[in-house]
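So the chains spell out like this:
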Amino acid sequence: MQGSVAWGWLGPLLVAAFGGVLRFVNLGRPHAVVFDETYYAKDAWTLINYGVERASLGTVEDPIADRMIIAGKTDFLVKCTPPEADPCPLYVAHPPLGKWMIGLGEQIFGMNPYGWRFAGAVVGVLSILILARVARRMTRSTMLGCLAGLLLALDGLHLVLSRTALLDIFLMFWVLAAFACLVADRDWARGRLVAWYETSPLSDHGPGLGARPWRIAAGLCLGAACAVKWSGVFFLVAFAVMSLVWDAGARRAIGLRRPYAGALNRDLTGVVLVMGLLPAVTYIASWTGWFASPLGWGRNWAQATSQGPGFFVFDSIRSWLSYQVQVLGYHTGLDEGHSYQSAPWTWPLLSRPVAFHYPPDKTGCGAGSCAEAVLGVGTPVIWYGGLAALIAMIAWYVATRDWRAGAVLLGYAAGWLPWFYYALADNRTMYLFYAITMLPFMILALTLAAGLIIGRADAAPNRRAVGAAVVGAFTLLALINLGWLYPVLVAELIPHSQWWARMLFRSWV
């Protein structure tokens, strides 16, 4: 590892602090309910206060509750007698963990835009720190680790989702945290195998490695990802396979005669428990509020309590499973068109971002026509550079089988390719911001490519100087690009002509 341990923490912390400034300054702007905040902010408030989601006044077309909330009122729920009667229990399409996290900010700062956006900003900043640290571990370079964190801090889509109360930033956070834990587990397991190799006679399969704390942490994080959105399961499957393949590679690296059989015999059971059972328990635990309350959708509390504790447990599980089946039906049938929907194969090109906020008839900017926008779009320099870096990772992996390139490509594919099926088979409604889970792996690809461009520590000084200049120029372009887009990412009030100048394509409008 190059550099001191102190700088290994101080550098990423400084980068995360820079990202925190971008995310927390004027976090309560716009003072409005933005896009899908109309669902998640209210769901979070009712989870904190009731343990389950509850119905609010109004409709999507006439959001009475949203206007009441912005006016400072909290009596926006539908009144029912008794409270478990329809229509008060609210059917929701996503698990509760992300909304519980949003609700923590509301509990601390109140039911206002700053309160419901606070948790997203926190996990956005933490994801910058985690990415910087995991990139440092993967490259053995503090400088490259800080570069990864800085590029994430400079991405427009990450910035917007960190400043809005949507679920996707929480999904990305838990996926990235799981990946970081597995990278740490890879180093931990190899250290244990080396220690065994130096003190024990060689065998066909090698030893079992016992409890693996980093893998357990990864299982918890993947369960949390699934408890935010079901699409976390894509990463659960991919990372379980990746971890087992890493185990086989480690056993082969120390010279075991049957490394793959060793991984299956010694490691597979642990993978199934930690990457299968543990995430399932974590997911179910996120529904504790629903199990403990008579007020949730489909809870059937009166029926469950009618015939003793044994039947209560059985009927509660049956009702919960029925709820999950209903949610599955909702997701497989979600094909209603939307003006901002986009196909997954267009996401890397940023061709159709989502306008989270664009109220009409704004004034006060010193021009005849003003704009106040929140456009959910990535920083084009980073995304288009990331495409080139991903192609480079494919070539690098084919040529060298480098584990880092393979891990980055797998993570990117897990966040992207499953959506092709839903687009082609189910015609599902999808949006660009779903690609936020792909972003950390795209930036890791950029970071690894930057390392290849700069060269090894023992490369010729002139070569490293030229490579560093190229990487530095790219980073500067990313900073300039974000600075140019910044007003339309954070709802600054600007002349309409300035807003229009920042629309890279007509499809952004």
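Calculation rules
Residues numbered from 1 in each chain as written. Predicted model: local features only at pLDDT ≥ 70, side-chain atom pairs only at ≥ 80, totals over all residues. Heavy atoms only, no water. Disulfide = S-S within 2.5 Å. Buried < 20%, exposed > 50% of the residue type's maximum accessible area, 1.4 Å probe, protein only. Helix = DSSP H or I, 4+ residues; strand = E, 2+ residues; numbered from the N terminus. Contact = heavy atoms within 4.5 Å. Polar contact = N/O pair within 3.5 Å; in protein donor to acceptor, adjacent residues only side chain to side chain. pLDDT = per-residue confidence, 0-100. Phe/Tyr/Trp six-rings, centres within 6.5 Å; stacked < 30°, edge-to-face > 60°. Lys NZ or Arg CZ within 6 Å of the ring centre and 35° of its normal. Axes fitted to C-alpha atoms, helices over the stretch in contact; angles between N-to-C directions. Parallel < 35°, antiparallel > 145°, perpendicular 65-115°, else oblique. Left-handed = near helix turned anticlockwise from the far one by under 90°. Nonpolar A, V, L, I, M, F, W, Y, C, P; charged D, E, K, R; others polar. Salt bridge = Lys/Arg side-chain N within 4 Å of Asp/Glu carboxyl O. Core = buried A, V, L, I, M, F, W, Y, C linked by side-chain atoms within 4.5 Å. Expected span 1.5 Å × (residues − 1).

Novice: So what about the state of the cysteines? Which residues, and what values?
Specialist: The full count for this structure, using the stated rule, is 2 disulfides. Each sulfur in the disulfide pair Cys-80 and Cys-88 lies 1.9 Å from the other. Between Cys-80 and Cys-88 the sulfur-sulfur dihedral comes to about 100°; the bridge is accordingly right-handed. The residues Cys-80 and Cys-88 share a single accessibility class, namely buried. A sulfur-sulfur separation of 2.0 Å characterises the disulfide bridge that pairs Cys-365 with Cys-370. A torsion of -85° about the S-S bond marks the disulfide between Cys-365 and Cys-370 as left-handed. Take Cys-365: its relative accessible area is 21%, and that puts it in the partly exposed class. Sequence-ordered numbering of the disulfide-bonded cysteines in the protein gives the connectivity 1-2, 3-4. Cys-181 carries a free sulfur, and the closest cysteine sulfur to it, the one in Cys-221, is 4.6 Å from it. Residue classification places Cys-181 among the buried residues on the basis of a relative accessible area of 9%.

Novice: Which residues make up unusual backbone geometry, and what values go with them?
Specialist: With omega at 0°, the peptide bond leading from Arg-29 into Pro-30 counts as cis. By secondary structure assignment, the location of Pro-30 is in the loop between α1 (5-24) and α2 (37-50). Residue Pro-82 is bonded to the preceding Thr-81 through a cis peptide linkage, with omega at -5°. Counting through the fold element by element, Pro-82 comes out in the loop between α3 (64-70) and α4 (97-109). Residues other than glycine seldom take positive phi values, yet Arg-401 does so here, at roughly 55°. Its location among the elements puts Arg-401 in the loop between α15 (380-400) and α16 (403-416). Residue class for Arg-401 comes out exposed when judged on its relative accessible area of 54%.

Novice: Can you tell me about the environment of Ile-216, naming the residues and giving the values?
Specialist: Along the polypeptide, Ile-216 turns up in helix α9 (residues 213-226). Judged by its relative accessible area of 34%, Ile-216 is partly exposed. Not counting the four nearest positions on each side in its chain, Ile-216 is found in contact with Val-274 and Leu-278.

Novice: For the environment of Gln-341, give the residues involved together with the corresponding values.
Specialist: Inspection of the secondary structure puts Gln-341 in the loop between α14 (309-332) and β1 (354-357). Spatially, the C-alpha atom of Gln-341 lies 5.3 Å from that of Met-430, the residues being 89 residues apart in sequence. Here the side chain of Gln-341 touches His-338 through a polar contact of 2.7 Å, landing on its backbone nitrogen.

Novice: Kindly report on the confidence of the model for the protein, identifying the contributing residues and their values.
Specialist: Of the residues in the protein, 99% have a pLDDT of 70 or more, and the chain-wide mean is 93. Across the protein, helix α7 (residues 156-162) holds the top mean pLDDT of 98, while helix α13 (residues 301-304) sits lowest at 81.

Novice: Run through the packing of aromatic side chains, naming residues and quoting values.
Specialist: Applying the stated rule across the entire model yields 45 aromatic pairs. For the pair Trp-419 and Tyr-434, a centre-to-centre distance of 5.1 Å together with 40° between the ring planes defines the contact as tilted. Of the two residues, Trp-419 sits in helix α17 (residues 418-425) while Tyr-434 sits in the loop between α17 and α18 (439-454), which places them 15 residues apart along the sequence. The exposure class assigned to Tyr-434 is buried, which follows from its relative accessible area of 11%. What links up through ring pairs into an aromatic cluster is the set Phe-35, Phe-234, Trp-347, Phe-356, Trp-419, Tyr-421, Tyr-422, Tyr-431, Phe-433 and Tyr-434. Over the ring of Trp-484 we find Arg-502; its NZ or CZ atom is 3.9 Å from the centre of that ring.

Novice: Break down the packing of helix α5 (residues 113-139) against helix α6 (residues 142-153) for me, citing the residues and quoting the values.
Specialist: Between α5 and α6, the least distance of the axes is 7 Å, while the angle of their chain directions is 150°. Classified by the angle between their axes, α5 and α6 sit roughly antiparallel to one another. By crossing handedness, the relation of α5 to α6 is classed as right-handed. Packed against α5, whose contacting residues are Ser-127, Ile-128, Leu-131, Ala-132, Ala-135, Arg-136 and Thr-139, the element α6 presents Thr-142, Leu-144, Gly-145, Ala-148, Gly-149, Leu-152 and Ala-153 at the interface. Among the residues forming the contact of α5 with α6, the class breakdown is 8 nonpolar, 5 polar and 1 charged.

Novice: How would you explain the pattern of salt bridges if you had to name every residue and give the values?
Specialist: Counting across every chain of the model gives 17 salt bridges. One salt bridge in this structure joins Asp-187 and Arg-140, with 3.4 Å as the shortest N-O distance. Here Arg-140 lies in the loop between α5 and α6 and Asp-187 lies in helix α8 (residues 168-199), a separation of 47 residues in the sequence. In this structure Arg-140 comes out as partly exposed when scored by relative accessible area, which is 35%. Here the residues in one salt-bridge network are Asp-185, Arg-212, Arg-215, Asp-247, Arg-251 and Asp-267, joined through shared partners.

Novice: Explain the nonpolar core to me, and be specific about the residues and the numbers.
Specialist: Formed by 147 residues in total, the largest nonpolar core has its most connected members in Phe-179, Phe-239, Phe-356 and Phe-433. For this core, the leading source of residues is α8, giving 15 residues. With residues near it in sequence (within four places) discarded, Phe-179 still touches Val-134, Met-138, Phe-239, Met-242, Ala-407, Phe-441 and Leu-444. Formed by 7 residues, the second largest nonpolar core is a distinct cluster that contains Ala-189, Trp-196, Leu-209 and Leu-256.

Novice: For α1, give the residues involved together with the corresponding values.
Specialist: Over its 20 residues, α1 extends 28 Å from the first C-alpha to the last, a length consistent with the 28 Å expected when each residue adds 1.5 Å. Among the residues of α1, Gly-8, Gly-11, Pro-12, Val-15, Ala-16, Gly-19, Gly-20, Leu-22 and Arg-23 are the ones counted as buried. Turning to α1, the residues buried within the fold contact α5, α6, α7 and α19 (461-489). Phi for Asn-26, located one or two positions after α1, is positive at around 55°.

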